[in-house]
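One letter stands for each residue in the lines below.
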Amino acid sequence: MNAFETMVYETALESVGSFENSILDGMSEKGTMTRDKMMQYARWDVMDECPREVRFLGAKRITELCYKAADEFEFRTW
């Protein structure tokens, strides 16, 4: 991965991690998140926090990286 991809992926992982923490803290219920919803939340965070990287990588690659991060979701049911 190049530096832009790494930054996007790490941001997406942070988003996924925040949902894992909310489940562990009892703020969300286990099993309520789908892969597509998790990817979308991660993508929103990436678009907000990584505007420069977004310009260079393009929508397709960002979506791929966000799906990759979503697949790391510990409480997934998909």
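Everything that follows concerns the structure shown earlier in this document.
Keep in mind that this is a model prediction, so the values were computed, not measured. (Residues numbered from 1 in each chain as written. Predicted model: local features only at pLDDT ≥ 70, side-chain atom pairs only at ≥ 80, totals over all residues. Heavy atoms only, no water.)

Draft legend 1. Inspection of the overall build of the chain at higher detail. A tally of regular secondary structure across the chain gives 4 helices and 0 strands. Listed N to C, the secondary structure of the chain is α-α-α-α in terms of helices and strands. Relative to the globule expectation of 12 Å for 78 residues, the C-alpha radius of gyration of the chain, 12 Å, shows essentially globular dimensions. Taking the principal axes of the C-alpha coordinates as reference, the chain spans close to 35 × 20 × 20 Å. When each of the 78 residues of the chain is scored for burial, the buried share is 36%. A separation threshold of at least 6 residues defines the contact pool for the chain, and within that pool the share at least 24 residues apart is 76%. When the accessible surface of the chain is summed, it comes to about 4,900 Å², and 49% of that surface belongs to carbon and sulfur atoms. (Helix = DSSP H or I, 4+ residues; strand = E, 2+ residues; numbered from the N terminus. Rg over C-alpha atoms; globule rule 2.2 N^0.38 Å. Buried < 20%, exposed > 50% of the residue type's maximum accessible area, 1.4 Å probe, protein only. Contact = heavy atoms within 4.5 Å. Areas by Shrake-Rupley, 256 points an atom, 1.4 Å probe, with all protein chains shown as cover.)

Draft legend 2. Representation of helix α4 (residues 59–70). Between its first and last C-alpha, α4 extends 16 Å over 12 residues, near the 16 Å set by a 1.5 Å rise per residue. Buried residues along α4 sit in contact with α1 (3–24), α2 (35–49) and α3 (51–57). (Expected span 1.5 Å × (residues − 1).)

Draft legend 3. Fine view of the side chain of T11. For T11, the location among the structural elements is in helix α1. Other than its neighbours up to four places away in sequence, T11 contacts D45, V46, E49 and C50.

Draft legend 4. Quick look at the environment of F56. As for its placement among the helices and strands, F56 is situated in helix α3. For F56 and E5, which are 51 residues apart along the polypeptide, the C-alpha to C-alpha distance reads 9.4 Å.

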